[in-house]
Amino acid sequence: MITGTTKTVGIIGWPVEHSLSPALHNAAFGQAGLDYVYVPLPVRPNELGSAVSGLKSLGFVGANVTIPHKVNIMPFLDEIDRSAQQVGAVNTVVIADGRAVGYNTDAEGFVQSLFTAGICVKGKNAVLIGAGGAARAVICGLHNHGVGQLVVAARVPEKAREFASGFSEIKVEVQGYGWDEAEFCDALDNCDILIQCTPVGMFPHTEEEIHFDWARLNPAAVVCDLIYNPPLTRFLLTAKARNHQILNGAGMLLEQGALAFTLWTGVKAPRQVMADVLQQDR
Ligand code: NAP
């Protein structure tokens, strides 16, 4: 029951009506017996600053941040935690004593989803397809856990190179190639973990698939797709048919949420109930 002492958390984005996070976190708060409620908060891009002030004025204890606000919210916060500085984006805000602090749980959430699936990161070679915000978080998470070589491929070679060069300030070595370039195919030979980081194949465009030379991919490589809707993209179905271990984005969604839950409450997240919510949505 919501009362005068209930603590409030929200998700700010534009749009937010399709977000699974309210169901995920309300189920988790209930399971943990915590007097918290989580609400969707549609915030137009030009109202981001006033929305952050509003969260503070209204006594919110935190928020998630989603598209298109993850980068643009940063100047409106009082402090940026190292996790968000590294990724250059905030997906979680903690508000205490009138101060809003921005964190990023996507990077660590991705790696935790690998660990849960029994996949080791240290010293492994990773290849990413796609050079956007999610790819940057994945690279930071992998780097923090001692990954070996990091290669990024994008459809436009210049974009891949520019993206890769953006990691020098945090001293992470990343090679960027166009996905038709020979160096990318060479990287596939030695790849231990392949991660699909574009929206290609996501609902409702489930017939779309990234095409590359599967025959070049190390047969022992684990194949991941950050997409969780549908649970099995065409990309993952192809990987499965070629006997690769596969992993979709549901684990990352769960783990980033579990980390955010702990930041707001100081309590370990009830991950099974959160996993059940995500499963029900399928
Ligand atoms: P983004 O910043 O927009 O980046 C998308 C990347 O994909 C860019 O490199 C873009 O290339 C490329 N791309 C887009 N459409 C393409 C197409 N039709 N063909 C080839 N490349 C294409 O997006 P993002 O935030 O990184 O998100 C990427 C995916 O990750 C989305 O599906 C998102 O839902 C998923 N995601 C999942 C989680 C999770 O918790 N599981 C978390 C975050 C994101 P160009 O620059 O050339 O357009």
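The model shown is predicted, which means the values in this text are computed figures rather than measured ones.

J.: Kindly report on the site of the ligand, identifying the contributing residues and their values.
T.: Lining the immediate environment of the ligand, one finds 19 residues, of which Ala 131, Ala 134, Arg 155, Leu 226 and Gly 249 sit closest. At 2.9 Å, a side-chain N or O of Lys 159 approaches an oxygen atom of the ligand. Within the contact set of the ligand, a nitrogen atom lies 2.9 Å away from a backbone nitrogen or oxygen of Gly 249. Secondary-structure elements contributing two or more residues to the shell around the ligand are helix 5 (133–144) and helix 9 (250–265). Taken together, the residues that form the shell around the ligand break down as 12 nonpolar, five polar and two charged.

J.: Quick rundown of the side chain of Asn 218? Include the residues and the values.
T.: With respect to the helices and strands, Asn 218 occurs in the loop between strand 10 (193–196) and strand 11 (222–225). Overall, Asn 218 belongs to the buried group, its relative accessible area being 17%.

J.: Report on the pairing of strand 5 (residues 92–96), specifying residues and quantitative values.
T.: Here strand 5 lies mainly inside the structure; four of its five residues are buried. In terms of strand pairing, strand 3 (residues 62–65) meets strand 5 through three bridges, oriented antiparallel. Residue pairing for strand 5: Gly 62 is matched across the bridge by Val 94. Where strand 5 lies against strand 6 (residues 99–103), five bridges are found, and the strand directions are antiparallel. Directly across from Thr 92, in strand 6, lies its bridge partner Tyr 103. Connecting strand 5 to the antiparallel partner strand 6 that follows it, the hairpin turn spans two residues, and Asp 97 within it adopts a positive phi of roughly 50 degrees.

Quick notes on the rules
- Residues numbered from 1 in each chain as written.
- Predicted model: local features only at pLDDT ≥ 70, side-chain atom pairs only at ≥ 80, totals over all residues.
- Heavy atoms only, no water.
- Near = heavy atom within 4 Å.
- Polar contact = N/O pair within 3.5 Å; in protein donor to acceptor, adjacent residues only side chain to side chain.
- Helix = DSSP H or I, 4+ residues; strand = E, 2+ residues; numbered from the N terminus.
- Nonpolar A, V, L, I, M, F, W, Y, C, P; charged D, E, K, R; others polar.
- Buried < 20%, exposed > 50% of the residue type's maximum accessible area, 1.4 Å probe, protein only.
- Pairing = 2+ DSSP bridges.

Take it as geometry only, folks, not as evidence of what the structure does.
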